[in-house]
Amino acid sequence: MSVRSRIYVEITNRCNLSCAFCHGTRRPPRTMTAEEFAFLARRLQGHTRYLYFHVLGEPLLHPQLPQLLRVAGELGFRVCLVTNGTLLPQALPTLLAAPALHKVSVSLHSFEGSSSAGELVSYLEGVWQTCLPLSQGGVLCALRLWNEGGLNARNDEVLAFLSEKIGRDVDSLSRDRRGNRTLLPNLFLEQAEKFDWPDLNAPASGAEYCHGFMHQLAVLCDGTVVPCCLDCEGNIPLGNLFHQALEEITVSPRAAAMAAGFAARTPSEELCRRCGYAARFRKQ
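My aim in this report is to walk through the structure given alongside it, one point at a time. Note that the coordinates shown come from a computational prediction; the quantities given were computed from them, not determined experimentally. (Residues numbered from 1 in each chain as written. Predicted model: local features only at pLDDT ≥ 70, side-chain atom pairs only at ≥ 80, totals over all residues. Heavy atoms only, no water.)

With that settled, the discussion passes to the state of the cysteines. A full pass over the atoms with the stated rule returns 0 disulfides. Take Cys229: it sits in no disulfide, and the sulfur closest to it among the cysteines is that of Cys228, at 5.6 Å. Its relative accessible area of 13% is what places Cys229 among the buried residues. Of all cysteine sulfurs, the one in Cys228 lies closest to Cys272, which takes part in no disulfide; the gap is 6.7 Å. (Disulfide = S-S within 2.5 Å. Buried < 20%, exposed > 50% of the residue type's maximum accessible area, 1.4 Å probe, protein only.)

The structure is reproduced here in structure tokens:
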């Protein structure tokens, strides 16, 4: 059995924002029930230790989030979730009460990418007042600014807010090998360039290799298994976890072709060849 570093589970594809940088989806709105999640999670046991509540959608909108976190913990998973941060204050009691919660990643660039995120300082204060107790309780909290070269006109205001909170200039903090900075124990700032989502109508990106499929998988809210969290439209359906075991899905001819293509640095899928994110892994 192949064990992957992470598997993304899209517990809902609904979102409370409409961000300019987000690909969005033409799929019908859907939210996975707690029963459906439990079924899929049992099928994912042994294939990874880490479940990421992410692909599209805002996971904190899920009405049964406490049950999902409880089931994940009972099955031995560690949960990471990616959020735009607007609902964090309301979700704090649920998150603090979830032993399975391992990491919360907050897309701070959601603020500038959306017209409905509210007032900046109020938004940042809500994120900070949630992430601080979570990080103090051992949960990793990553504050993301993945918008360099994109909608980043207010990044200086974000950095000034964080500098005031930690009592020193964020720019004076050293970066790790990935370019991230430690603000406080278990609380990090991640800065990165804006990337282009894979699109079948986009020009070839020069992508040669990706960790998608090889080390990760994603399960959309209807059970469709795709090779990574950026295939948000399900353009590369490898199977459906509601109807097939993961062992069957990952040895299909299409899956085998993907593995062989990445090994040879010649991606077999057109979507992968047109992915701006995967282009980061080109040999220099």
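So, next bit.
Take unusual backbone geometry next. Note: most residues except glycine have negative phi, and most peptide bonds are trans. Even without being a glycine, Asn186 presents a positive backbone phi close to 70°. Checked against the element boundaries, Asn186 lands in the loop between strand 6 (181–184) and strand 7 (187–193). For Asn186, a relative accessible area of 27% translates into the label partly exposed. (Helix = DSSP H or I, 4+ residues; strand = E, 2+ residues; numbered from the N terminus.)

Next up on the list: the packing of helix 5 (residues 120–136) against helix 6 (residues 155–166). Relative to each other, helix 5 and helix 6 sit at 45°, their axes nearing to 11 Å. Here helix 6 runs oblique to helix 5, going by the angle between their axes. Crossing hand, helix 5 versus helix 6: right-handed. Here Leu120, Val121, Leu124, Glu125, Trp128 and Gln129 of helix 5 come into contact with helix 6, specifically with Glu157, Val158, Phe161, Leu162, Lys165 and Ile166. (Axes fitted to C-alpha atoms, helices over the stretch in contact; angles between N-to-C directions. Parallel < 35°, antiparallel > 145°, perpendicular 65-115°, else oblique. Left-handed = near helix turned anticlockwise from the far one by under 90°. Contact = heavy atoms within 4.5 Å.)

What follows concerns the environment of Arg274. Among the structural elements, Arg274 can be located in the segment after helix 9 (270–273). As a C-alpha pair, Arg274 and Ser205 span 69 residues in sequence and 5.0 Å in three-dimensional space. Those residues within four positions of Arg274 in sequence are excluded, and the remaining contacts are Trp197, Pro198, Asp199, Leu200, Ala202, Pro203, Ala204 and Ser205. In this structure the side chain of Arg274 is engaged in a polar contact, spanning 2.7 Å, whose partner is the side chain of Glu270. (Polar contact = N/O pair within 3.5 Å; in protein donor to acceptor, adjacent residues only side chain to side chain.)

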